[in-house]
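Geometric and topological summary
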Amino acid sequence: MARKVNRLSPFNVTALALGVAFLYLPIMILVIYSFNASRLVTVWGGWSLRWYQEFFNDRAMLDAAWMSLRVAAVSATIATLLGTLAAVGLVRGERFRGRSLFSGMLYAPLVMPEVISGLSLLLLFVALNAERGFWTVTIAHTTLTMCFVTVVVQSRLASLDRSLEEAAMDLGCDPVQAFLSVTLPLIIPAIAAGWMLAFTLSLDDVVIASFTTGPGSATLPIRIYSEVRLGVKPEINAICTMVIALIAVVIVIASLASKLSSAKAESAAPL
Amino acid sequence: MSTRRIFAQPARYAAIAPYLWMVLFFLVPFGFVLKISLSQTAIAQPPYVPVFDFAEGWAAINAAFAQLSMDNFRLLVSDNLYLSSYLRSLIVAVASTLILLLIGYPIAYGMARLPQRWQAIAMMLVIVPFWTSFLIRIYAWINILQHDGLLNTVLLALHLVSAPVVWLSTDTAMYIGIVYSYLPFMILPLYATLSKMDPALLEAASDLGASPQQAFWLVTFPLSLPGVGAGALLCFIPIVGEFVIPDLLAGSGSMMIGQTLWLEFFTNKDWPVAAAAAVALLVLLVLPLLLYDRLQRRTLEGGR
Amino acid sequence: MTERSPDIDTPKIDAVAAPAKPVPPAEEIPLLRIQGVSKTFGSFPAVDRLSLDIRAGEFFALLGPSGCGKTTLLRMLAGFETPDEGRILLGGRDIAPVLPHERPVNMMFQNYALFPHLSVRDNIAFGLKRAGMARAAIDTRLAEMVALVKLEGMEKRKPDQLSGGQRQRVALARSLARRPKVLLLDEPLAALDKKLRESTQQELMELQRRLGMTFIVVTHDQEEAMTMANRIGVMNAGRLEQVATPRDLYEAPASRWVAEFVGDVNLFDGEVTSHEHHRLTIATRDGGAIVVAVPRQLVAKSPVSVAVRPEKVRLSRPGPVSDAANAQPINRLEGVVTDVGYLGGSSVYKVKLDSGAVVRSSMANTARLDIDTLGAGQRVVAWFTPDDCVVLEQ
């Protein structure tokens, strides 16, 4: 009866259930309270969209949200481009001078405390006499998020069967053509996942943005942060719910797109 | 030469742009942190006296080296505020990592034992909260933990407490926030090693007379140590420098080093001291960072 | 798509096309000459100063245990590895420095390496598009290739919607589409099950004969190599042990290693004691004597080994052996059957000789109901003729 040792025990089930509850309950509570008509958290005043209206009348919040979306979109795009190139260099470049420095620079920001990254970038911008605002935040976010893109793309690239590229070369491709016609289409899902990760990380960041932005160009997390420091405000619940919804939509679209593309491949078969 | 080499040349050209980017926006900024940590505080904009000016060439640089001052570092060592915040950062990070391990391991272990189909779903369930904003997740806990929040309401209704408990601005709240935010970082590497383990190993252990407990401690746990190490580093390093969570959830009594740095920088406008604090924080993290770097390279570039 | 002659090519492809001719005579200049090629990985010599000529239209097999360097040699022919030293001449031109995509050589990969994002059609057309072939010509060639490997109606499928056998055919069609001068096949049948493997062997041979192309196949399966190839090169530790036809390889192995690697063999170690009348007498270590026919090449060194294939060793009940061709002396060894392995078509008997050595004999089970079978414990005479023996240097 050796099979038994690998079966799920009640202890395992309890741990999983508690873990999932711990991860999801707080967010669900937040979402539910964003529809509370009452200002008080303890009192349920019935369903209402009042706090959502309040957000759409809050000029400063809207500006911050717009700024955040722009920064996230632009920095995620540049980061995806650079991160993919970096992954290609690391995985396919074999040994080259300065490789350890390169990979060190790419892995360190993944865990580097944000206060250090933020402070150091700010000091650079001050030294360069750069005007702080949209572009400085975008550059800062690009630097951080491209490392995440690199890791995501790198692991996909490393697991790719190299004989596919060899087959492409055998059939007449030079290395660049082989990469573009065979490798790239196969790592596109990882590149897309990298972009999404970069986008949400940028949309999320308070610390680095606080260091690198200038007066008058606060991002949404900076605004939320300064409001939260003063205490709970129902309007923040509404904003948070919308951000969660936005991210959920991005995730759903992404998973639908990947399902659709595999379904299309199946329907192409006559049998 | 082999195909690997044929591909290597164009791949290296691809690395040039990201390489330059990282040198300019990651490496060079550290140079500035180092430089400013060695300069004098001034009440100006920017609030420091530059130690040297690149335009003046070597003579100026030589002169500048004479002016370099260790004052800021001397301040860090002598002032109790800094020493205690370093110490607190370390204690909080170690304690949090241990709690995360205790909570994360059973979850990862349970995930690895789920039927194959369910494992993918469980994996999604762990990753999704990581995609939702970090700040929002902290804010969600403020909702729950505040004076008239949900937790106190429930506790009062169940007559477990007679008066509302103060949760916010306590270390408990901070630990809850840290554990909540970093749990996926602990679970995923643990799950990765646990799910790769051959189930036949446990069967072999039980076949050879080990009880399930013995099998776990003698086989499963030792084999999962790489995952434990990865998860611990992935949590420990950023927690040491954590700013937002202690700032929003912990009391104002004692600060972590990230908070001290922030305070010096934004409130006291003492950039040189802030820079010196950053350098000291980095020194504190050099060993775990090097360990982490090796681990990353081994897992991502392994098998070469 | 219209049925057109397969010879309508763009000029660019023409350069790649191979002549469709029957197997040419040996005196022609070899199509492929491998001269003193070496390749070292780190300190491990994968291929060690290896020379080999392969003629146009040949079906050549590289046979050897895993790690013997056969795949490395194949990859050097494809251009995925560059030799450390030596030359590889294809049609008189040294192709060692030529990059894979510029070689008139194509490869079928062991795991097929089909592009998972492309349909069967696009996989097969991949190399044709790269060669800059015109659309119409691609369509013609594609139809021809799909028909050749019997994949009609599957053109729009993706590789993951095909069975293992179908994938193998797509890989074959893809590598044949450019009409390479030489087709390299790396363990082409390893991923197929036994039944499918046998029918595919026949198909590959037929295809090769029809196209008149030069095939070089790497395999660790000696049956596969024997069945398909005109000639076999047996590799061991980076060197060629022997290059011969399947028959010569089995009946006249050049070394003790080849004799043991290819098929099953009984080996007797001993010293040459006399040499007369086209006969060698060899005193074996266990005190007996074996008479063997004089080998084609005289053995210079003693000690030697005598190799006898199990199916050449016949068993009889004790008593005089009655043999039709009794003109020559017969090697008789007496012993006891210790083990019988029934394999269906034949049985393998293990006989412990009185001298202590063990001899294996394989005999066909010709009768369905054999009341006279030899069982364990039966005393027997194991015998074979001098012509059944091969003398090898130790």
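Computed from a prediction, not measured in an experiment: that's the story for all the values here.

**Points about the overall build of chain A**
When helices and strands are counted, chain A shows 11 helices and 0 strands. Element order for chain A, N to C, with α for helix and β for strand: α-α-α-α-α-α-α-α-α-α-α. The C-alpha atoms of chain A give 23 Å as radius of gyration, which overshoots the globular expectation for 271 residues (18 Å, by more than 25%). Dimensions along the principal axes, computed over C-alpha positions, put chain A at roughly 70 × 65 × 40 Å. Within chain A, the proportion of its 271 residues that are buried is 51%. Considering only contacts in chain A between residues 6 or more positions apart, those separated by 24 or more positions represent 78%.

**Focus on the overall build of chain B**
Looking only at helices and strands, chain B has 13 helices and 0 strands in total. Going from the N terminus to the C terminus, chain B shows its helices and strands as α-α-α-α-α-α-α-α-α-α-α-α-α. When each of the 304 residues of chain B is scored for burial, the buried share is 44%. Taking the intrachain contacts of chain B between residues at least 6 apart in sequence as the baseline, contacts between residues at least 24 apart amount to 70%.

**So, the interface of chain B and chain A**
By a frequent convention, interface size equals the accessible area lost on bringing the separate parts together. On the chain A side, the residues contacting the 86 residues of chain B number 76 residues. Sort the elements by how many residues they give to the side of chain B that touches chain A and helix α1 (residues 3-37) of chain B lands first, with 25 residues. Taken together, the residues of the side of chain B that touches chain A sort by class into 63 nonpolar, 12 polar and 11 charged.

**Here's the deal with helix α12 (residues 257-267) of chain B**
Residues and elements named next belong to chain B. Burial runs high along α12: 8 of the 11 residues are buried. By the burial criterion, the buried members of α12 are Ile257, Gly258, Gln259, Thr260, Leu261, Trp262, Glu264 and Phe265. Once α12 ends, the next one or two residues include Lys269, with phi positive near 50°.

**A short note on the sheet that holds strand β12 (residues 279-284) of chain C**
Residues and elements named next belong to chain C. Here we have 5 strands laid out as an open sheet, ordered β13-β12-β11-β14-β20, and antiparallel in their pairing. Pairing within the sheet leaves two strands with one partner each, and these edge strands are β13 (289-293) and β20 (390-393). For this sheet, the mean angle separating the axes of adjacent strands, direction not counted, is 45°.

**Details of unusual backbone geometry**
Residue and element names in this part refer to chain C. The phi dihedral of Ala113 is positive, around 50°, even though this residue is not glycine. Turning to its location among the elements, Ala113 is positioned in the loop between β6 (105-108) and α3 (120-130). Among the residues examined, Ala113 registers 25 C-beta atoms within 10 Å and is labelled buried. The residue Arg179 is not glycine, and still its phi comes out positive at about 50°. With respect to the helices and strands, Arg179 occurs in the loop between α5 (164-176) and β7 (182-186). For Arg179, a count of 23 C-beta atoms within 10 Å translates into the label buried.

**Side note on the packing of helix α3 (residues 59-92) of chain A against helix α8 (residues 175-204) of chain A**
Residues and elements named next belong to chain A. In contact at an axis separation of 8 Å, α3 and α8 are set at 140° when each is read in the N-to-C sense. With respect to their mutual orientation, α3 and α8 come out oblique. By crossing handedness, the relation of α3 to α8 is classed as right-handed. Seen from α3, the contacting residues are Ser68, Val71, Ala72, Ala73, Ser75, Ala76, Ala79, Thr80, Gly83 and Thr84; seen from α8, they are Ile191, Gly194, Trp195, Ala198, Phe199, Ser202 and Leu203. When its residues are assigned to classes, the contact of α3 with α8 shows 10 nonpolar, 7 polar and no charged.

**Here we look at the confidence of the model for chain A**
Residues and elements named next belong to chain A. Of the residues in chain A, 91% have a pLDDT of 70 or more, and the chain-wide mean is 85. Mean pLDDT across the elements of chain A bottoms out in helix α11 (residues 234-267) (73) and peaks in α3 (94). Segment residues 264-271 is flagged for pLDDT under 50; beyond a separation of four residues in sequence, or across chains, it makes 6 contacts in the model.

**Considerations on the sheet that holds strand β10 (residues 239-244) of chain C**
Residues and elements named next belong to chain C. In spatial order, the strands read β6-β7-β8-β3-β9-β10; together these 6 strands make up an open sheet with mixed pairing. Each of the sheet's edge strands pairs with one partner strand only, and the pair in question is β6 and β10. In this sheet, neighbouring strand axes are inclined to one another by 20° on average, regardless of whether the strands run parallel or antiparallel. The sheet contact formed by β6 and β7 spans 4 bridges and is parallel. Residue Met108 lies in a different strand from β7, and its bridge partner there is Leu185.

**A word on the nonpolar core**
Within soluble globular proteins, side chains that are nonpolar tend to cluster in buried spots. Counting 163 residues, the largest nonpolar core has Leu119 of chain A together with Ala108, Ile138, Ala275, Ala277 and Ala278 of chain B as the members making the most contacts within it. When residues no more than four places from it in sequence are discounted, the contact partners of Ala278 of chain B are Ile116 and Leu119 of chain A together with Val33 and Leu261 of chain B. Membership of the second largest hydrophobic core comes to 104 residues, among which are Leu32, Val170, Ala171 and Val182 of chain C.

**Digging into the pairing of β13 of chain C**
Relative to β13 of chain C, β12 of chain C is paired through 5 bridges, and the arrangement is antiparallel. Bridged to Ile282 of chain C within β13 of chain C is Ile290 of chain C.

**Looking at the packing of helix α9 (residues 199-207) of chain B against helix α10 (residues 212-240) of chain B**
The description of two packed helices rests on the angle between their axes and on the distance between the axes. Residue and element names in this part refer to chain B. Two elements in contact, α9 and α10, have axes whose closest approach is 10 Å; the angle formed by their N-to-C orientations is 135°. Looking at the two axes, α9 sits oblique to α10. By crossing handedness, the relation of α9 to α10 is classed as right-handed. Taken together, the residues of α10 that come into contact with α9 (itself represented by Leu201, Leu202, Ala205 and Ser206) are Ala215, Leu218, Val219 and Thr220.

**Focus: the pairing of strand β8 (residues 214-219) of chain C**
The side chains of a regular strand alternate, first on one face of the sheet and then on the other. All names here are of chain C. Counting buried positions over the 6 residues of β8 gives 6, a clear majority of the element. In β8, alternate side chains face the same way, and those of Thr214, Ile216 and Val218 on one face and Phe215, Val217 and Thr219 on the other are all buried. Here strand β3 (residues 59-63) runs beside β8; their pairing, made up of 5 bridges, is parallel. Counted as the bridge partner of Leu62 is Val218 from β8. Of the strand pairs in this sheet, β7 and β8 are connected by 5 bridges, and their pairing is parallel.

**Some thoughts on helix α4 (residues 135-148) of chain C**
Residues and elements named next belong to chain C. With 14 residues, α4 extends 20 Å from end C-alpha to end C-alpha; this agrees with the ideal 20 Å at 1.5 Å per step. Taken together, the buried positions of α4 are occupied by Thr140, Arg141, Leu142, Met145 and Val146. Residues of α4 that are buried in the fold lie against α3 and α5. Note on α4: the residue one or two positions beyond its end, Lys150, has a positive phi of about 55°.

**Remarks on the confidence of the model for chain B**
A residue-level look at chain B finds 87% of positions with pLDDT of 70 or above and a mean pLDDT of 82. Here the prediction assigns the complex a pTM of 0.80, and the interface score ipTM is 0.85.

**Description of the environment of Leu184 of chain A**
Within the element layout of this structure, Leu184 of chain A appears in helix α8. For the pair Leu184 of chain A and Lys233 of chain A, spaced 49 residues apart in sequence, the C-alpha separation works out to 46 Å.

**Quick look at the environment of Gly92 of chain C**
All names here are of chain C. As for its position among the elements, Gly92 is in the loop between β4 (85-90) and β5 (93-94). Overall, the presence of 9 C-beta atoms within 10 Å leaves Gly92 in the exposed class. Through-space distance from the C-alpha of Gly92 to that of Arg210 is 25 Å; in sequence the pair is 118 residues apart.

Reading the values: rules and limits
- Residues numbered from 1 in each chain as written.
- Chains lettered and ligands numbered in written order.
- Predicted model: local features only at pLDDT ≥ 70, side-chain atom pairs only at ≥ 80, totals over all residues.
- Helix = DSSP H or I, 4+ residues; strand = E, 2+ residues; numbered from the N terminus.
- Rg over C-alpha atoms; globule rule 2.2 N^0.38 Å.
- Buried ≥ 20, exposed ≤ 12 C-beta atoms within 10 Å, placed from the backbone.
- Contact = placed C-beta atoms within 7 Å.
- Nonpolar A, V, L, I, M, F, W, Y, C, P; charged D, E, K, R; others polar.
- Pairing = 2+ DSSP bridges.
- Axes fitted to C-alpha atoms, helices over the stretch in contact; angles between N-to-C directions.
- Parallel < 35°, antiparallel > 145°, perpendicular 65-115°, else oblique.
- Left-handed = near helix turned anticlockwise from the far one by under 90°.
- pLDDT = per-residue confidence, 0-100.
- Core = buried A, V, L, I, M, F, W, Y, C linked by C-beta atoms within 7 Å.
- Expected span 1.5 Å × (residues − 1).

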